[in-house]
Every structure is written in C-alpha cells, then in structure tokens.
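These are the residues of each chain, in order.
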Amino acid sequence: MKGASLKYLTKEGFRSVWVNKLMSLASIAVLMACLVIIGLGAMIFFNINSLLDNIENQNVIMVFAENGATDEEVSIIGNKIKVLDNVEDCIFVPKDDALLAQRETLGADAALLDGLEENPLPDAYKVVVEDLSKFDATVAQLKAINGVQRVRENSDIAGKLVNIRKAVTIISVGIVALLFVVSLFIISNTIRITMFSRKLEISIMKAVGATNWFIRWPFMIEGINLGVISCLVSFIVLIGLYSGIQYICSGLIDQFNLVNFWDYAWYILGIFAVIGIFTGSVGSLISMGKYLKEQGGVINEDQ
C-alpha cells in the first residue's frame, strides 16, 4: 500500500467516526461502560489489597527469649531472626517495656503488679513476615533458633488472608477478562453494522481490484479511534466516580481510607488504552474478515 493511499484511507477512517456518529456514540457509550466497570473493579482490587496488607502487618509473630537470657544472648537471637528470608521487620521489645504495657492494659488493676520483686516477663521480638504463604515455614525457623523459649503466632488468620487474596485476584482477573470479551464483541458488531451501511462502496472497491487490506484499513482506523475516545472518556468518568466514592466513604467511616487514585492512575490509563486500541483494531479485523468471506471470499490478499 503506497503512502498516498495509506494517508487517504487513514483520513477515511477518521471521517467515518463522524459520518456514522450515531453508531459511534453508541459504541463509545457501551465500551466506556465496560472500561469504567473494569476501572472500578481494579480500584476495588487495589483497596482490598491495601486492606489485606494492613491486616498482614498487624498479624505479627512474637518471639520470646528464655527467662534469664543475657543481653548478648538476646541480641544474638535478634540477629538470627533478621537474616531469615521471609522476615520483613524485627522489632526488639524489652521486658521492661512489656511490663509497662501490661500495667497500662490493666488500668486500675495495675496495683496487682506492685508486689512483684522482679520482672517476670522475658525479652521479646516482634516479627513481621513478607509472604504469608510461607508463614508456617517461618514460624518453624523461629522456633528452631537457640535461646527462643516460645513463639506466639496465629497461623489460622494467616492462612485465611492468603486464601482471601487468591480469591480476590481470581475474581478480579475473571471480571476483567469477561468485560474484555464484551468490549471486543461490541466493537466488532459496530464495525460490522458500518460495513453493511457501506456495502455498495466495498463492492465497488472489490470489483476494481482493491486488496483486502485496502478495504480493511479505514475500518481498523475507525475501530482504533472509537477505542481511544472510549479510553479517554472512561478515564475522566472514573476519576469523578472514584472521587465521589472517596468523599462518601470518608464521611461515613473516619477510619476507612481508600487508596489514592493517582497512585494507580497511569496503570489504569495504560490498561484502558491497551483494551481500547486492541478491541478496536482486532474487532474491526474480525468483522471485516467475516464480511469479506460472506461477500465472496478473500481476494488479492497482501498485494
């Protein structure tokens, strides 16, 4: 295809969006709805992930040193904990601080501890793990460290959090895949309707020997334009919707803070662009291929 022809056909693709503005508007509206749902689903996923991260950070493991352990022995235990692969953070909790926290917890009953001649609590370490799927293995490693008296953990919660994260991921991917297929179907059918409205023009081009790519190109440009417009409009609508949701949630629950949209904005815009351009171009090619076969087969392919 020569440069002049390519330029002309590209202009035709842009012009077709305006000429068939009713169908173009319908396609943009439906595709926009799909993209906005995908965007909201993605933000829900990011928020759930953030919530799970916060819960995971609170699901710490307490490692207690043996009673009577010297400062040097306690320090060695801490160093051994810090070099473990799955340990994200290791915070030393002196026994004096632990006793003070216990007094604050007892409140008015703290006087019960006044009769103690010495602090009965051991030094401890608060351990935060990186990957909860390796929680049990990490607990076993902690218990195997010399000088560790006991380990306090909650493996049930850790296992449930891992299962929740997997379920959320699978559901999110499934929703995105489903809406992606719907978007492809919408674009392909819109282009197909446009082709039927221009079947006389296509028949004339085929009769004078036009190649299939010569015929396909304007429709592919039209589909890409519809995808790009839908992408930009959807992104703007999503910003407004998410800002409204943030405002409502902040007013209802003071402690519930949604993640910042702009931390993920460019990822979402990129996803929208990929889906919009891909569905627009591929949907057009699929519809055009079916139409050309129905109208007499493929002719002069790649010429």
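In this text, all values refer to a predicted model and were calculated from it rather than measured experimentally.

A. Structural context of the overall build of the protein. What the protein contains, in helices and strands, is nine helices and four strands. Reading the secondary structure of the protein in the N-to-C direction produces α-α-β-α-β-α-β-α-β-α-α-α-α. Evaluated residue by residue, the protein yields a buried proportion of 39% over its 303 residues. Sequence separation of 24 or more characterises 85% of the internal contacts of the protein that already satisfy a separation of 6 or more. Element-wise, carbon and sulfur atoms account for 62% of the exposed surface of the protein, whose accessible area totals about 17400 Å².

B. Spotlight on helix α3 (residues 71-82). The end-to-end C-alpha distance of α3, which contains 12 residues, comes to 17 Å, matching closely the 16 Å that a straight helix rising 1.5 Å per residue would cover. Within the span of α3, buried status applies to Val74, Ile77, Gly78 and Ile81. Along the long axis of α3, the arc covered by the buried residues comes to 100°, so they all point the same way. Lining the buried residues of α3 we find β1 (61-65), β2 (87-93), β3 (124-129), α5 (135-143) and β4 (148-152).

C. Focus on the packing of aromatic side chains. A complete count under the given rule lists seven aromatic pairs for this structure. Residues Phe235 and Phe261 carry aromatic rings whose centres are separated by 5.9 Å and whose planes lie at 45° to one another, so their mutual orientation is tilted. Linking Phe235 in helix α8 (residues 212-252) with Phe261 in the loop between α8 and α9 (265-294), this pair joins segments that are 26 residues apart in sequence. Each member of the pair Phe235 and Phe261 is classed as buried. With a centroid separation of 6.3 Å and an interplanar angle of 75°, the aromatic rings of Phe235 and Trp262 are classed as edge-to-face. Linking Phe235 in helix α8 with Trp262 in the loop between α8 and α9, this pair joins segments that are 27 residues apart in sequence. Under the relative-accessibility criterion, Phe235 is labelled buried at 9%. Using a relative accessible area of 47% as the deciding quantity, one classes Trp262 as partly exposed. Three or more aromatic residues joined by ring pairs make a cluster, and in this case those are Phe235, Tyr242, Phe261 and Trp262.

D. Region of the structure containing the confidence of the model for the protein. The predicted model of the protein has a mean per-residue pLDDT of 77, with 71% of residues at 70 or higher. Between the elements of the protein, mean pLDDT differs from a low of 63, seen in helix α1 (residues 3-19), to a high of 90, seen in α3. Low confidence marks residues 297-303, where pLDDT is under 50. Its contacts with residues over four positions away, or in another chain, come to 17 contacts.

E. Quick look at the sheet that holds β1. Reading across from one edge, β2-β3-β1-β4 is the order of the four strands in this open sheet, with antiparallel pairing throughout. Lying at the two open borders of the sheet, with one neighbouring strand each, are β2 and β4. Averaged over neighbouring strand pairs, the angle between their axes works out to 20° when direction is ignored. The pairing of β1 with β4 spans four bridges and is classified as antiparallel. Across the sheet, Val63 pairs through a bridge with Val151, a residue of β4.

F. Fine view of a nonpolar patch on the surface. Taken together, the side chains of Ile229, Val233, Val237 and Leu241 present a nonpolar region at the surface, about 260 Å² in accessible area. Among the structural elements, Val233 can be located in helix α8. Since its relative accessible area comes to 31%, Val233 is described here as partly exposed.

G. Examining a negative patch on the surface more closely. Taken together, the side chains of Asp85, Glu88, Asp89, Glu130 and Asp131 define an acidic patch exposed on the protein surface. Residue position: Asp85 is located in the loop between α3 and β2.

H. Quick look at α5. Three or more residues of α5 are buried, namely Phe135, Thr138, Val139 and Leu142. Each buried residue of α5 sits inside an arc of 100° when the element is viewed along its axis, so together they form one side.

I. Representation of the environment of Ile215 within the structure. Structurally, Ile215 is set in helix α8. Overall, Ile215 belongs to the buried group, its relative accessible area being 1%. C-alpha separation for the pair Ile215 and Ser203, spaced 12 residues apart in sequence, amounts to 9.9 Å.

J. How the structure looks around the environment of Val36. Of note, Val36 is situated in helix α2 (residues 21-58). Judged by its relative accessible area of 8%, Val36 is buried. For the pair Val36 and Ile236, spaced 200 residues apart in the sequence, the C-alpha separation amounts to 9.5 Å. Apart from the residues within four sequence positions on either side, Val36 is in contact with Ser234, Val237, Leu238, Leu241 and Phe272.

K. Spotlight on the side chain of Asn47. Among the secondary structure elements, Asn47 is positioned in helix α2. Overall, Asn47 belongs to the buried group, its relative accessible area being 14%. Residues within four places of Asn47 in sequence aside, it is in contact with Tyr242, Leu258 and Val259.

Here is what the cut-offs are and how they apply
- Residues numbered from 1 in each chain as written.
- Predicted model: local features only at pLDDT ≥ 70, side-chain atom pairs only at ≥ 80, totals over all residues.
- Heavy atoms only, no water.
- Helix = DSSP H or I, 4+ residues; strand = E, 2+ residues; numbered from the N terminus.
- Buried < 20%, exposed > 50% of the residue type's maximum accessible area, 1.4 Å probe, protein only.
- Contact = heavy atoms within 4.5 Å.
- Areas by Shrake-Rupley, 256 points an atom, 1.4 Å probe, with all protein chains shown as cover.
- Expected span 1.5 Å × (residues − 1).
- Arc of directions from axis to C-beta.
- Phe/Tyr/Trp six-rings, centres within 6.5 Å; stacked < 30°, edge-to-face > 60°.
- pLDDT = per-residue confidence, 0-100.
- Pairing = 2+ DSSP bridges.
- Axes fitted to C-alpha atoms, helices over the stretch in contact; angles between N-to-C directions.
- Patch = residues over 30% accessible without salt bridge, like charges linked within 9 Å, V, L, I, M, F, W, Y side chains within 5 Å.
- Salt bridge = Lys/Arg side-chain N within 4 Å of Asp/Glu carboxyl O.
- Lys, Arg positive; Asp, Glu negative; His and termini not counted.
- Charge placed at Lys NZ, Arg CZ, Asp CG, Glu CD.

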